[in-house]
Amino acid sequence: MFVRVSVRFAVALCLLLTSFALLSVAGEKPLYVDGIDAAFPPFSYIDENGDPAGFDVEVVQWIAGEMDFEVKIVPIDWDAIIPTLKIGNIDMIASGMTITQKRLEQVDFTDPYWSIDLAVIVREEVDEEGEPFPQFNIFSAIAAGRTIGVQRGTTSQTWIEENLVDEGVAVKLKLYDSFLLAVEDLLIGRVDAAVMDEPTARSAIAGRDATIVGTINTGEIYGYAVRKGDDELLSLLNEGLKRIKASDEWDRLVEKWLIGD
Ligand code: ARG
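Conventions and cut-offs
- Every chain's residues receive numbers from 1 upward, in the order its sequence appears when written.
- The model is predicted, so local features are restricted to residues of pLDDT at least 70 and side-chain atom pairs to those at 80 or more, both for listing and for counting; the totals for chains, interfaces and linings are taken over all residues.
- Hydrogens and waters are ignored; side-chain quantities use all the structure's heavy atoms.
- Helix and strand definitions follow DSSP, with helices as H or I runs of at least four residues and strands as E runs of at least two, each counted in order from the N terminus.
- Here the term buried applies to any residue with accessible area under 20% of the maximum for its type, exposed to any over 50%, and partly exposed to those in between, with areas from a 1.4 Å probe on protein chains only.
- DSSP-based pairing: two strands are paired if at least 2 bridges between them are found.
- Each residue is tested against the molecule or strand, and it is near if at least one of its non-hydrogen atoms lies within 4 Å.
- Between N or O atoms, a polar contact is any pair within 3.5 Å; within protein, one atom must be a potential hydrogen donor and the other a potential acceptor, and residues adjacent in sequence are included only when both atoms are from side chains.
- In these tables, accessible area is a Shrake-Rupley quantity obtained with a 1.4 Å probe, and a residue counts as shielded only by the protein chains included in the view.
- Using a grid of 1 Å spacing that covers the protein atoms alone, one calls a set of points a cavity when a 1.4 Å probe fits there but cannot get out, and a pocket when the set is open and has protein on both sides within 12 Å along at least five of seven lines; lining residues are those with an atom within 4 Å of a point.
- Here the criterion for a molecule occupying a pocket or cavity is that more than half of its atoms lie within 2 Å of the pocket grid points.
- Gly counts as polar in this scheme, as do all residues outside two lists: the nonpolar Ala, Val, Leu, Ile, Met, Phe, Trp, Tyr, Cys and Pro, and the charged Asp, Glu, Lys and Arg.
- Patches here are clusters of residues that have more than 30% relative accessible area and form no salt bridge, with a 9 Å joining cutoff for like charges and a 5 Å cutoff for nonpolar side chains (Val, Leu, Ile, Met, Phe, Trp, Tyr).
- Just to be clear on terms, a salt bridge is a Lys or Arg side-chain nitrogen sitting within 4 Å of an Asp or Glu carboxyl oxygen.
- Counted charges follow a simple rule, with Lys and Arg positive, Asp and Glu negative, and His plus the chain ends left uncounted.
- A charged residue contributes its charge at one atom only: NZ of Lys, CZ of Arg, CG of Asp or CD of Glu.
- Every residue pair with non-hydrogen atoms within 4.5 Å of one another is taken to be in contact.
- Two rings from Phe, Tyr or Trp (for Trp, the six-membered ring) form a pair when their centres are within 6.5 Å of each other. A pair whose planes differ by under 30 degrees is stacked, one over 60 is edge-to-face, and the rest are tilted.
- Working rule for helices: expected span equals 1.5 Å times residues minus one.
- The term nonpolar core refers to a set of buried residues drawn from Ala, Val, Leu, Ile, Met, Phe, Trp, Tyr and Cys, joined through side-chain atoms within 4.5 Å.
- The axes are straight lines fitted to the C-alpha atoms, using for helices just the contacting stretch, and the angles between their N-to-C directions are given from 0 to 180°.
- Under this scheme an angle from 65 to 115 degrees is roughly perpendicular, one under 35 degrees roughly parallel, and one over 145 degrees roughly antiparallel; angles in between are oblique.

## Focus on unusual backbone geometry
Right, so step 1: Along the chain, Pro41 connects to Pro42 via a cis peptide bond; the corresponding omega equals 0 degrees.
Right, so step 2: Among the secondary structure elements, Pro42 is positioned in the loop between β2 (39-40) and β3 (44-46).
Right, so step 3: One non-glycine residue, Asp68, lies in positive phi territory at about 65 degrees.
Right, so step 4: By the secondary structure assignment, Asp68 is in the loop between α2 (55-67) and β5 (70-75).
Right, so step 5: The exposure class assigned to Asp68 is partly exposed, which follows from its relative accessible area of 45%.

## Description of the pairing of strand β1 (residues 31-36)
Right, so step 1: Here β1 lies mainly inside the structure; 5 of its 6 residues are buried.
Right, so step 2: Across 2 bridges, the pairing between β1 and strand β6 (residues 92-93) is parallel. Note on β6: the bridge partner recorded for Gly35 is Ile93.

## Brief notes about the sheet that holds β3
Right, so step 1: Overall, antiparallel pairing links the 3 strands, which are arranged β2-β3-β4 in an open sheet. At either margin of the open sheet sits one strand with a lone partner, and together these are β2 and β4 (52-53).

## Some points on the site of the ligand
Right, so step 1: Near the ligand you find 14 residues, and of these Asp37, Ser95, Thr98, Arg103 and Asp197 are the closest.
Right, so step 2: Here a nitrogen atom of the ligand sits 2.8 Å away from a polar atom, N or O, in the main chain of Ser95.
Right, so step 3: Between Thr98 and the ligand, the recorded distance is 2.8 Å, taken from a side-chain N or O atom to a nitrogen atom.
Right, so step 4: Coverage of the ligand by the protein chains reaches 100% of its 340 Å² of free accessible surface.
Right, so step 5: Here the ligand is seated within the largest cavity.
Right, so step 6: The residue makeup of the shell around the ligand, split by class, is 5 nonpolar, 6 polar and 3 charged.

## Section: a negative patch on the surface
Right, so step 1: Taken together, the side chains of Glu161, Glu162, Asp166 and Glu167 define an acidic patch exposed on the protein surface.
Right, so step 2: Position of Asp166 relative to the elements: it lies in the loop between α6 (155-163) and β11 (172-176).

## Regarding helix α8 (residues 198-205)
Right, so step 1: The complete set of buried residues in α8 reads Pro199, Thr200, Ala201, Ala204 and Ile205.
Right, so step 2: Looking at the buried positions of α8, the neighbouring elements they touch are β2, β8 (114-126), α7 (179-187), β12 (193-197) and β13 (210-222).
Right, so step 3: Following α8 by one or two positions, Gly207 has its phi on the positive side, about 75 degrees.

## Quick notes on the packing of aromatic side chains
Right, so step 1: Scanning the model with the defined rule gives 11 aromatic pairs in all.
Right, so step 2: Centroid distance Phe43 to Phe55: 6.1 Å. Interplanar angle 85 degrees. Geometry classified as edge-to-face. Taken together, the residues span a long stretch of sequence, with Phe43 in the loop between β2 and β3 and Phe55 in helix α2 at a distance of 12 residues.
Right, so step 3: Judged by its relative accessible area of 0%, Phe43 falls in the buried class.
Right, so step 4: Residue class for Phe55 comes out buried when judged on its relative accessible area of 0%.
Right, so step 5: An angle of 80 degrees between the planes, with centres 4.9 Å apart, marks the rings of Phe43 and Tyr222 as edge-to-face. Here Phe43 is found in the loop between β2 and β3, whereas its partner Tyr222 is found in strand β13, with 179 residues between them in sequence.
Right, so step 6: We classify Tyr222 as buried; its relative accessible area is 0%.
Right, so step 7: Every member of this aromatic cluster is reached through a ring pair, and the members are Phe40, Phe43, Phe55, Tyr113, Trp114, Phe179, Tyr222, Tyr224 and Trp250.

## Describing helix α9 (residues 231-245)
Right, so step 1: Helix length check: α9 (15 residues) gives 21 Å between terminal C-alpha atoms against 21 Å at 1.5 Å per residue, within 8%.
Right, so step 2: Within the sequence span of α9, burial applies to Leu233, Leu234, Leu236, Leu237, Asn238, Gly240, Leu241 and Ile244.
Right, so step 3: Tucked into the core, α9 has its buried residues touching β1, α2, β6, β7 (107-109), β14 (225-227) and α10 (248-259).

## A look at the nonpolar core
Right, so step 1: In this structure, Phe55, Val59, Phe69, Ile121, Val195, Tyr224 and Leu237 are the most contacted members of the largest nonpolar core, which totals 57 residues.
Right, so step 2: If we ignore the near neighbours within four places in the chain, the residues touching Val195 are Leu118, Ala119, Val120, Ile148, Gly149, Val150, Ser156, Ile160, Phe179 and Ile216.
Right, so step 3: Counting residues in hydrophobic clusters, the runner-up holds 13 residues, among them Val33, Ile76, Trp78 and Val107.

## A few points about the packing of α2 against α9
Right, so step 1: Contact geometry of α2 with α9 gives a least axis separation of 9 Å together with a crossing angle of 105 degrees. Between α2 and α9, the crossing angle belongs to the class labelled roughly perpendicular. When α2 is examined against α9, the residues Val59, Trp62, Ile63, Glu66 and Met67 are found in contact with a partner set consisting of Leu236, Leu237, Glu239, Gly240, Leu241, Arg243 and Ile244.
Right, so step 2: Partitioned by chemical class, the residues of the contact of α2 with α9 number 8 nonpolar, 1 polar and 3 charged.

In structure tokens form, the structure reads like this:
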């Protein structure tokens, strides 16, 4: 008696669970986790309410809606972001990442969506007439003897290493976990200059005593990164990029985040 009841119960339970599983598979959209640097405005950051914000965040959210997938956006240390993608804790990186030869050995990139140069920023002081003047010009800012702040693991770090340090120009490179920390140290005089992607420089110095004294024309191209061989997500993103670029939403987001003010 007991055995019969429990077998029946087990069968019923199995049927119930199976139908739930089928239901949820049929009704659910695929979920992809997007890793961002929490301190890279205007492309990606965590805002004062703790929510992800920025150009890349809104582009990816639009693409997810358009291409019918769910996206969860999580902050990841920039320095660890590619290893985190490779081990599968995140599925994509949409965070102002430059497509480089070295990264292409480790990840796949979408089609390019934006392009930038590097900006050199210095402290700005005020002269007797109350006029602001920068501490250095573009040449003296990155000359021998200067201490330059950059974010660790970025193209800014690579550019300074390859073009100054390796060429025998005795600059001191100070590495930070984020560009925003480099700007804080610049403002209190711990570094003489900071180098970073130009849109981020503009956003980071807005309203602060710092200014852009020039740009290094690296002409870097941004793409979204996915795990090598993840062609399914790669084509969703590429198709999504194609559609958003053809829509008014693209102009609205470019205006809002990248060229507005
Ligand atoms: N574009 C530069 C690079 O790829 C800087 C990117 C920094 N991005 C970020 N989310 N911190 O290295």
